[in-house]
Every structure is written in C-alpha cells, then in structure tokens.
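# Understanding the architecture of this molecule
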Amino acid sequence: QVQLVESGGGLVQAGGSLRLSCAASGRTFSTYDMGWFRQAPGKGREFVAGITRRGESTYYTDSVKGRFTISRDNANNTVYLQMNSLKPEDTAVYYCNTGTIATMSRHVFGSWGRGTQVTVSS
C-alpha cells in the first residue's frame, strides 16, 4: 500500500496562492489515480481534484475550477495541488489519497494521512 504525506499548507490572505505536495512511498505510485480532498471545520471530507495515473486527465469539483490545478511527477512519486485566488471558504485540512477517478469522490483505496492545514483569511 502506498504511504502518503501531505505538506505545503499555511496561512494566506484571500486572493493568495499555495502549492500543496503529497509525497508517496512505494514503487506502485504510477499505477494509481490520485486525488486531493479537504475537510473544513464541522463538515465532511469532500473531493477537490483528481488526476489519472499518467496525468493525461484531471477533474475538479465545481467550486475550485479555474483556480486549482492538480499535477503529478511520477518520477518523484509526488502529486501537487496549485491553489490560486484562494478564498476563505477554501479553509480546510487537505488530504491526498489513491483511488479510481470514476469513483474517487465516494471511495478511496488508502488510509487517510494527517493532511495539511490551509487557512485563508479575509
């Protein structure tokens, strides 16, 4: 099973940018579709963005389209989430996980890590 460690979160003003990273262990990283998820205070975890195993297709939840970009570097076992034009409603703990693109919003393969906190001030 792939082990995942998220990083890159922080405190940023509205309109600012952050780049999150998710480092994966193991040789099978490139065989998985990957996703970013987030959980805001008092809310359930939601799908944010997904990318297919070779990076040929990406998917986003409507609220982040045009602002967030998911990418991956299979040579370095890392998936990224570039977040621009951040809004206070983007405040959440962000997680990455493995899955299948078609069902990732409902089911993931791996265990959840600690995530990385993103706080956007108004």
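Coordinates for the structure precede this section.
Given the structure is predicted, the values throughout are model-derived calculations rather than measurements.

What follows concerns the overall build of the protein chain. A count of helices and strands for the protein chain gives zero helices and ten strands. Over its C-alpha atoms the protein chain spans a radius of gyration of 13 Å, differing by no more than 12% from the 14 Å that the globule rule assigns to 122 residues. Taken along the three principal axes of its C-alpha coordinates, the protein chain extends 40 × 25 × 25 Å. Looking at the protein chain as a whole, 45% of its 122 residues qualify as buried. When contacts within the protein chain are restricted to residue pairs at least 6 apart in sequence, those whose partners lie at least 24 apart make up 56%. Put simply, the protein chain shows about 6,300 Å² of open surface, and 46% of that area lies on carbon and sulfur atoms.

Here the focus is the side chain of Arg-67. Tracing the chain through its elements places Arg-67 in the loop between strand S6 (58–60) and strand S7 (68–73). Separated by 2.9 Å, the side chain of Arg-67 and the backbone oxygen of Ser-63 make a polar contact. With residues up to four places along the chain from it excluded, the contact list for Arg-67 reads Gln-82, Met-83, Asn-84, Ser-85, Leu-86, Lys-87 and Asp-90.

Turning to the nonpolar core, a few remarks are in order. Ranked by internal contacts, the top residues of the largest apolar core, which has 27 residues, are Trp-36, Val-79, Leu-81, Met-83 and Tyr-94. Put simply, the parts of the chain that give this core at least two residues each are strand S3 (18–24), strand S4 (33–39), strand S5 (45–51), S7, strand S8 (78–83), strand S9 (92–99) and strand S10 (116–121). For this core, the leading source of residues is S3, giving four residues. If sequence neighbours within four positions are ignored, Tyr-94 has contacts with Glu-6, Leu-20, Trp-36, Phe-37, Arg-38, Val-48, Phe-68, Leu-81, Met-83, Gly-115, Thr-116 and Val-118. Of all hydrophobic cores here, the second largest spans five residues; its members include Phe-37, Phe-47, Ile-101 and Val-108.

Further remarks concern the sheet that holds S4. Overall, mixed pairing links the six strands, which are arranged S2-S10-S9-S4-S5-S6 in an open sheet. For this open sheet the edge positions go to strand S2 (10–13) and S6, each flanked by a neighbour on one side alone. Each strand axis lies, on average, 30 degrees off the axis of its neighbour in the sheet, ignoring direction.

Now for the state of the cysteines. A complete count under the given rule lists one disulfide for this structure. Cys-22 shares a disulfide with Cys-96; S-S distance 1.9 Å. Measuring the twist about the S-S bond at about 60 degrees, one finds the Cys-22-Cys-96 disulfide to be right-handed. With Cys-22 in strand S3 and Cys-96 in strand S9, this residue pair connects regions lying 74 residues apart in the sequence. Both residues of the pair, Cys-22 and Cys-96, count as buried.

What follows deals with the environment of Phe-109. Structurally, the position occupied by Phe-109 is in the loop between S9 and S10. C-alpha separation for the pair Phe-109 and Thr-98, spaced eleven residues apart in sequence, amounts to 5.4 Å. Dropping the residues within four chain positions of it, Phe-109 is found in contact with Gln-1, Tyr-32, Asn-97, Thr-98, Gly-99 and Thr-100.

It is worth spelling out the sheet that holds S8 at this point. Pairing is antiparallel in the open sheet, where four strands are placed in the order S1-S3-S8-S7. Two strands lie at the open edges of the sheet, namely strand S1 (4–7) and S7, each paired on one side alone. Strand-to-strand twist across the sheet, computed as the mean angle between neighbouring axes with direction ignored, equals 15 degrees. Across six bridges, S7 lies against S8 in antiparallel orientation. Bridge assignment links Phe-68 to a residue of S8, and that residue is Met-83.

Procedures and definitions
- Residues numbered from 1 in each chain as written.
- Predicted model: local features only at pLDDT ≥ 70, side-chain atom pairs only at ≥ 80, totals over all residues.
- Heavy atoms only, no water.
- Helix = DSSP H or I, 4+ residues; strand = E, 2+ residues; numbered from the N terminus.
- Rg over C-alpha atoms; globule rule 2.2 N^0.38 Å.
- Buried < 20%, exposed > 50% of the residue type's maximum accessible area, 1.4 Å probe, protein only.
- Contact = heavy atoms within 4.5 Å.
- Areas by Shrake-Rupley, 256 points an atom, 1.4 Å probe, with all protein chains shown as cover.
- Polar contact = N/O pair within 3.5 Å; in protein donor to acceptor, adjacent residues only side chain to side chain.
- Core = buried A, V, L, I, M, F, W, Y, C linked by side-chain atoms within 4.5 Å.
- Pairing = 2+ DSSP bridges.
- Axes fitted to C-alpha atoms, helices over the stretch in contact; angles between N-to-C directions.
- Disulfide = S-S within 2.5 Å.

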